[in-house]
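Below are the chains, spelled out letter by letter.
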Amino acid sequence: MNKADPEIVALDVARALAEDVGSGDVSAQLIPADQQAHARIISRETGVLSGIEWADAAFRRVSPAVRIEWAVNDGDPLFPEQSLCLISGPARAMLTAERVALNFLQTLSATATVTRQHVDAVKGTNAVILDTRKTLPGLRHAQKKAVVDGGGMNHRMGLHDMVMLKENHIQAAGSITEAVRAAGVIARGLPLEVEVENLEQMEEALAAGVERILLDNFDPPLLREAVALNAGRAKLESSGNVTLDTIREVAETGVDYISIGALTKHVRAVDLSMRFID
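Residues numbered from 1 in each chain as written. Predicted model: local features only at pLDDT ≥ 70, side-chain atom pairs only at ≥ 80, totals over all residues. Heavy atoms only, no water.

Participant: What am I meant to see in the environment of Ile42 here?
Facilitator: Structurally, the position occupied by Ile42 is in strand β1 (residues 36–43). Considered as a pair, Ile42 and Glu81 are 39 residues apart in the sequence and their alpha carbons are 5.9 Å apart. Setting aside residues up to four positions removed in sequence, Ile42 forms contacts with Glu81, Gln82, Asp271, Leu272, Ser273 and Arg275. (Helix = DSSP H or I, 4+ residues; strand = E, 2+ residues; numbered from the N terminus. Contact = heavy atoms within 4.5 Å.)

Printed below as a string of structure tokens:
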């Protein structure tokens, strides 16, 4: 996902503003209605920027008169005391939109920052960093855009755009072979991935013609065995208990993908602030 969907951005922002503003911003009423202001958003730490579309939409939904000039783009590095943009317009509107705009920027920049750390850790290997569905509720689209801003790639968006057969699906169907057969009937044309927990299951998946296999909680020695057994027949994805300390070793086993839930679920907001200027 290289671009955000404007309709989803608008819905995200409308929901966030309704939550924050409620019946009205009583504090902003202290400011004269015609007062104009200028402000900057400033980074307080290093990171990677994401969320510009959401921040723009927050300010402009409160008042179309607000103008924002960005000095950086999504995916750019952040540095302490860096000025990210200049905001001009009605002071009341800028104050009302401030927290929602910053919440989106801080949260999405957090995901982009963590993603970039993992991408940098596997440089020189063929492994691609993927996200998962372990996103913050209501922010699936936004966080997956942030993963791309950080240099990663998106796994499936949801349950509708890819067939992924996991342990419970396989158990309910009776076997990997039966689950794959049923998926071919029910969801013909959609990408198919099968999760396996050992080499025997992997062999069954390969025999069933599966072209993408998720290796669940395989340690590096077992991953190397899986890559050798696979011999290029399917794309292999490593998932489970991968950290920044272990990801390089995982990538060097030769897997094609490494999916990491922590990119989107373990979020520590990047420190950003808005300050009025003369």
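Participant: For this particular structure, what's the right way to read a positive patch on the surface?
Facilitator: On the surface, Arg133, Lys134, Lys166 and Lys265 cluster together into a patch of positive charge. Residue placement: Lys166 occurs in the loop between β7 (163–165) and α5 (167–173). You can call Lys166 partly exposed: its relative accessible area is 33%. (Patch = residues over 30% accessible without salt bridge, like charges linked within 9 Å, V, L, I, M, F, W, Y side chains within 5 Å. Areas by Shrake-Rupley, 256 points an atom, 1.4 Å probe, with all protein chains shown as cover. Salt bridge = Lys/Arg side-chain N within 4 Å of Asp/Glu carboxyl O. Lys, Arg positive; Asp, Glu negative; His and termini not counted. Charge placed at Lys NZ, Arg CZ, Asp CG, Glu CD. Buried < 20%, exposed > 50% of the residue type's maximum accessible area, 1.4 Å probe, protein only.)

Participant: Looking at this structure, I do not really get helix α7 (residues 199–207). What am I missing?
Facilitator: Given 3.6 residues per turn, any residue in an α-helix points the same way as the ones three and four places further on. Of all the positions in α7, only Leu199, Met202, Ala205 and Leu206 are classed as buried. The buried side chains of α7 occupy one side of the element, clustering within an arc of 110 degrees when seen end-on. α7 presents Glu200 and Ala207 as exposed residues on the side facing more than 90 degrees away from its buried surface. Those residues of α7 that are buried are in contact with α6 (176–186), β8 (192–196), β9 (212–216), α8 (220–230) and β10 (235–239). Two to three positions downstream of the cap, the backbone nitrogen of Glu200 sits 3.2 Å from a side-chain oxygen, assigning the N-cap of α7 to Asn198. (Arc of directions from axis to C-beta. Polar contact = N/O pair within 3.5 Å; in protein donor to acceptor, adjacent residues only side chain to side chain.)

Participant: I would appreciate a short explanation of the nonpolar core in the present structure.
Facilitator: What tends to happen in soluble globular proteins is that the nonpolar side chains get buried as a cluster. The biggest cluster of nonpolar side chains holds 38 residues, and the ones touching the most others in it are Ile41, Trp54, Phe59, Ile87 and Leu272. Counting residues per element, the ones that place at least two in this core are α1 (6–21), β1, α2 (52–62), β5 (82–90), α3 (91–121), α4 (140–149) and β12 (272–277). Ranked by the residues each element gives to this core, the list is headed by α3, at 11 residues. The contact partners of Trp54, leaving out residues within four places of it in the chain, are Ala4, Val9, Asp12, Val13, Phe104, Leu108, His141, Ala142 and Lys145. Core analysis: the second largest hydrophobic core is formed by 35 residues, Val122, Ile170, Ala205 and Val210 among them. (Core = buried A, V, L, I, M, F, W, Y, C linked by side-chain atoms within 4.5 Å.)

Participant: Sorry if this is basic, but what is going on with the side chain of Ser88 here?
Facilitator: Inspection of the secondary structure assignment puts Ser88 in strand β5. At 2.9 Å, the side chain of Ser88 forms a polar contact with the side chain of His38. Once you skip the residues sitting within four places of it in the chain, Ser88 turns out to touch Ala37, His38, Ala65, Val66, Arg67 and Met94.

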